[in-house]
Amino acid sequence: MATGRTHRTATRSRGIPEATVARLPLYLRALTGLSERSVPTVSSEELAAAAGVNSAKLRKDFSYLGSYGTRGVGYDVEYLVYQISRELGLTQDWPVVIVGIGNLGAALANYGGFASRGFRVAALIDADPAMSGKPVAGIPVQHSDDLERIIADNGVSIGVIATPAGAAQPVCDRLVAAGVTSILNFAPTVLTVPDGVDVRKVDLSIELQILAFHEQRKAGEEADAAAAAADAAAVAADAARVSVKEQGRTGSSNGKVGGSSGAGAGEGNGPDGDVPAVMPA
């Protein structure tokens, strides 16, 4: 198997958009699940649903790979797994160094998903002398003084930064100077790198803040809906009270009119309500 230093993935030279490249791992994850269940073919609609995208976008993405599927059959799962893996460079061995072996760095070192995707953790590096030689995930931690030598000895082109924010930029500068051209940054800061160096940032606190925003918005919408319902109930109650008062006034008026009519009718009658006798001339 080739190593990370032998050649770089050809997605840029083939003109594959960055947005498509970002979705390829989603397709690969869904396809790997299908492959593990021995599913031979999959339709664009099924795969799009599993990857969380729409089918038209999926077909467009796959057209950049030269894969169009078969009408009425769909896509060959195993071939797509190979095709996407090749395009992402996962048919190679990519040695990776993790710098900063605190809680997060140690968790990353223990993550089994790296090896299954072609990424081999070649070294763990930390500035704390007390960490030197300590095994984490079966790999002894090495001191940051040896960073450049470690990069050269292992042919590393991908570095992972899991240091505190203040140390991240100096570590990044040393990685780049040593030949690292791709960096995955977990530190809560923005890194400055020269042209030709790719940086992907993962900030868990930012993701949580975005989720908090959506939770607050949903809570506000629920409060607004409850207030609107309360207002509607109050308006309905007021309308009901007005209706009762109007009915009361109407009944009272009808009673008065009936009494007046009775009095008027009795005025032309005799004492017993009979028509009076004609008085003699």
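1. Concerning the overall build of the protein
When you go through the protein residue by residue, the secondary structure sums to nine helices and nine strands. Across the 281 residues that make up the protein, the buried fraction comes to 33%. A separation threshold of at least 6 residues defines the contact pool for the protein, and within that pool the share at least 24 residues apart is 59%. When the accessible surface of the protein is totalled, it reaches about 16,800 Å², and 58% of it is carbon and sulfur.

2. Quick look at the pairing of strand S7 (residues 158–161)
A two-sided burial pattern is seen for S7, the buried positions comprising Ile158 and Val160 on one face and Gly159 and Ile161 on the other. Pairing of strand S3 (residues 94–99) with S7 involves four bridges; the strand directions are parallel. Considered in S7, the bridge of Val97 is made with Gly159. Across four bridges, the pairing between S7 and strand S8 (residues 182–185) is parallel. Its bridge partner lying in S8, Ile161 is registered against Asn185. For the handedness criterion, the β-α-β arrangement of S7, helix H8 (residues 165–177) and S8 is classed as right-handed.

3. Structural notes on the sheet that holds strand S5 (residues 135–136)
Taken in spatial order, the seven strands of this open sheet run S5-S6-S4-S3-S7-S8-S9, and their pairing is mixed. With one partner strand each, in any of the chains shown, S5 and strand S9 (198–201) form the two edges of the open sheet. Strand contacts of H8: S3, S7 and S8, with the helix running at about 170 degrees to S7, the strand carrying the most contacts.

4. A closer look at the pattern of salt bridges
Within the structure shown, the criterion is met by eight salt bridges. A salt bridge links Asp153 to Arg149; its shortest N-O distance comes to 3.1 Å. Residue Asp153 and its partner Arg149 are located together in helix H7 (residues 147–154), separated by four residues, close to a single helical turn. Via salt bridges that share partners, Asp146, Arg149 and Asp153 belong to a single interconnected network.

5. Concerning the confidence of the model for the protein
Here the protein shows a mean pLDDT of 85. Residues at 70 or above account for 84%. The lowest-confidence element of the protein is helix H9 (residues 204–267), averaging 76 in pLDDT; the highest-confidence one is S7, averaging 98. Counting interchain partners and residues more than four positions distant, the pLDDT-below-50 stretch residues 6–13 has 16 contacts. In the predicted structure, residues 261–268 sits below a pLDDT of 50 and forms one contact with residues beyond four places in sequence or in another chain.

6. Quick notes on the pairing of S8
As paired elements, S8 and S9 share four bridges and run parallel to each other. Bridging from a neighbouring strand, Leu184 pairs with Arg200 of S9.

7. Some remarks on the packing of helix H1 (residues 18–36) against helix H3 (residues 55–64)
H3 packs onto H1 with a crossing angle of 105 degrees between their chain directions and a minimal axis gap of 11 Å. Between H1 and H3, the angle is such that the two are roughly perpendicular. Packed against H1, whose contacting residues are Thr20, Arg23 and Tyr27, the element H3 presents Lys57, Leu58, Asp61, Phe62 and Tyr64 at the interface.

8. Let's talk about the nonpolar core
Judged by nonpolar contacts, the single largest core of 23 residues is most densely connected at Tyr27, Leu31, Leu47, Leu58, Phe62 and Ile84. Elements with a minimum of two residues in this core: H1, helix H2 (44–51), H3 and helix H4 (77–88). Looking at this core, the element that brings in the most residues is H1, giving seven residues. Beyond its immediate chain neighbours, meaning those up to four positions away, Leu58 contacts Tyr27, Ser44, Leu47, Ala48, Val53 and Tyr75. With 19 residues, the next largest nonpolar core counts Ala122, Ala168, Cys172 and Ala187 among its residues.

Definitions and limits used
- Residues numbered from 1 in each chain as written.
- Predicted model: local features only at pLDDT ≥ 70, side-chain atom pairs only at ≥ 80, totals over all residues.
- Heavy atoms only, no water.
- Helix = DSSP H or I, 4+ residues; strand = E, 2+ residues; numbered from the N terminus.
- Buried < 20%, exposed > 50% of the residue type's maximum accessible area, 1.4 Å probe, protein only.
- Contact = heavy atoms within 4.5 Å.
- Areas by Shrake-Rupley, 256 points an atom, 1.4 Å probe, with all protein chains shown as cover.
- Pairing = 2+ DSSP bridges.
- Right-handed = clockwise from strand over helix to strand, strands pointing away.
- Axes fitted to C-alpha atoms, helices over the stretch in contact; angles between N-to-C directions.
- Salt bridge = Lys/Arg side-chain N within 4 Å of Asp/Glu carboxyl O.
- pLDDT = per-residue confidence, 0-100.
- Parallel < 35°, antiparallel > 145°, perpendicular 65-115°, else oblique.
- Core = buried A, V, L, I, M, F, W, Y, C linked by side-chain atoms within 4.5 Å.

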